[in-house]
Amino acid sequence: MTSLLPCSTKVLKTAIAGLLSLMSFSSPVFAGQQVIIASTGGAYDRALREAWFDPFTRATGIKVVTVAATNAEMRAKAAAMVKTENVSWDLYLDGEIQAASKAHREVTEDLSEFCRQFAERKDLNANACSAGGALLQSTATLLAYRTGKPGEPAPETWADMWDTQTFPGGRAFPNFDDPWRVMAAALLADGVSRDKLFPLDVDRALAKLDQIKPAVSLWWKTGDQSVQGFRNDEYTLGQIWLTRAKAMQREGLPIAWSYKAAFLVGDRIALLKGAPHRENALKLIAFWLNSPAAQAKACEALSCTPPSREAIAMMSEEARKTMPQADDVRDHVIVPDAEWINANAAQLLQRWNEWVR
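Residues numbered from 1 in each chain as written. Predicted model: local features only at pLDDT ≥ 70, side-chain atom pairs only at ≥ 80, totals over all residues. Heavy atoms only, no water.

Asker: An account of the overall build of the chain is requested, with residue identities and associated values reported.
Answerer: What the chain contains, in helices and strands, is 17 helices and nine strands. Rg of the C-alpha trace for the chain: 20 Å, near the compact-globule value of 21 Å for 357 residues, within the 12% margin. Counting only C-alpha atoms, the chain reaches 65 × 45 × 35 Å along its principal axes. Counting only residues that meet the buried cut, the chain has 54% of its 357 residues in that class. Nonlocal contacts in the chain, meaning residues at least 24 apart in sequence, comprise 73% of its contacts between residues at least 6 apart. In the chain, 40 positive and 41 negative side-chain charges are present, and the distance between their average locations comes to 3 Å. (Helix = DSSP H or I, 4+ residues; strand = E, 2+ residues; numbered from the N terminus. Rg over C-alpha atoms; globule rule 2.2 N^0.38 Å. Buried < 20%, exposed > 50% of the residue type's maximum accessible area, 1.4 Å probe, protein only. Contact = heavy atoms within 4.5 Å. Lys, Arg positive; Asp, Glu negative; His and termini not counted. Charge placed at Lys NZ, Arg CZ, Asp CG, Glu CD.)

Spelled out as structure tokens, the structure:
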């Protein structure tokens, strides 16, 4: 199989890109400067700190302070800070879908002008920098499972997630302010074809979820909860983020996953309106987009797809093999309908909260 994105590059181009990223921060930096960014914490933050935050600090002298919160908490806090004009964060990581929403635009700065500097970068994806934020990485929400003995059947589809006879053990699903992916998995498990998935049939999805609800042993709200639950053997099959599954695999935990049960998602780096360290925040974003080496190191650890094709070329062959391959995307991986999800977000959340209680 061939990789989803091309991975050939020239060493000279990579070296020049890295040099330019350092040259762009050549102005003097005074002691005590910082930038504050909120993300989901845990292994995700550790990978970003090692690959991105710490090299940025070494290059600029600007300290990167992280704040850990759930996705729902980040969005609520960001909205409250902007509304009260008491903004203490500079940046936060928001989902690719949410970054296209009206609610996101109301609390974040439009980066269109900032993004012009990257328009001619041939190595970057076309959507690497947009009004709603810079692309941090693309990944998947998918079916992950505890591996068994050699020769035992392995779950591959969402229908397998519902098959508690063939695949016994506890189940895990996310439970935060973004329930579309759980409903979509239920519909796929119920036989809906992926080309007919959106708009979601919420009644049918919840009816299918009724069947598996007794087997759900973990409703996780943070990526760290999904990781800790797996470590503690709280579930055998779970809908979790690929970045977290990959981090657990690197720890040596017996985990695998299936791209036949996957939704393509990603994170964007968003700048809050009224950010107290705005210029430092823009430097941190630019450092990421200008540093294929940083992107490669982070995605090597997290099994994500970085925005730069040069970064992909710098990753190991083993890491590239764990990315969705071209036939996975063609035949199985779901690209969610962001416009429909954003337009129906409030209704979906209300129905979800009524059901999950």
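More follows now that the structure is in view.
Asker: Which residues make up the packing of aromatic side chains, and what values do they have?
Answerer: Aromatic ring pairs are described here by two measures, namely the spacing of the ring centres and the angle between the planes. With the rule as written, the count across this model stands at 17 aromatic pairs. Here the aromatic rings of Phe56 and Phe287 are separated by 5.6 Å at their centres, their planes lie at 75 degrees, and the arrangement is edge-to-face. Placement of the pair is Phe56 in helix H2 (residues 42–60) and Phe287 in helix H11 (residues 278–289), with a sequence separation of 231 residues. Grouping residues by exposure puts Phe56 and Phe287 together as buried. Plain terms: the ring middles of Trp180 and Phe263 are 5.4 Å apart, the flat faces sit at 80 degrees to each other, and that makes the pair edge-to-face. Within this pair, whereas Trp180 is found in helix H7 (residues 180–189), its partner Phe263 is found in strand E9 (residues 255–271), the two being separated by 83 residues in sequence. Given a relative accessible area of 0%, Phe263 falls into the buried group. Here the aromatic residues Trp158, Trp180, Phe198, Phe263 and Trp340 are joined through ring pairs into a cluster of three or more. Arg146 extends its terminal NZ or CZ atom over the ring of Phe230, reaching a point 4.0 Å from the ring centre. (Phe/Tyr/Trp six-rings, centres within 6.5 Å; stacked < 30°, edge-to-face > 60°. Lys NZ or Arg CZ within 6 Å of the ring centre and 35° of its normal.)

Asker: Help me get a handle on the environment of Asp201, residues and values and all.
Answerer: If you trace the backbone, Asp201 turns up in the loop between H7 and helix H8 (202–212). Judged by its relative accessible area of 39%, Asp201 is partly exposed.

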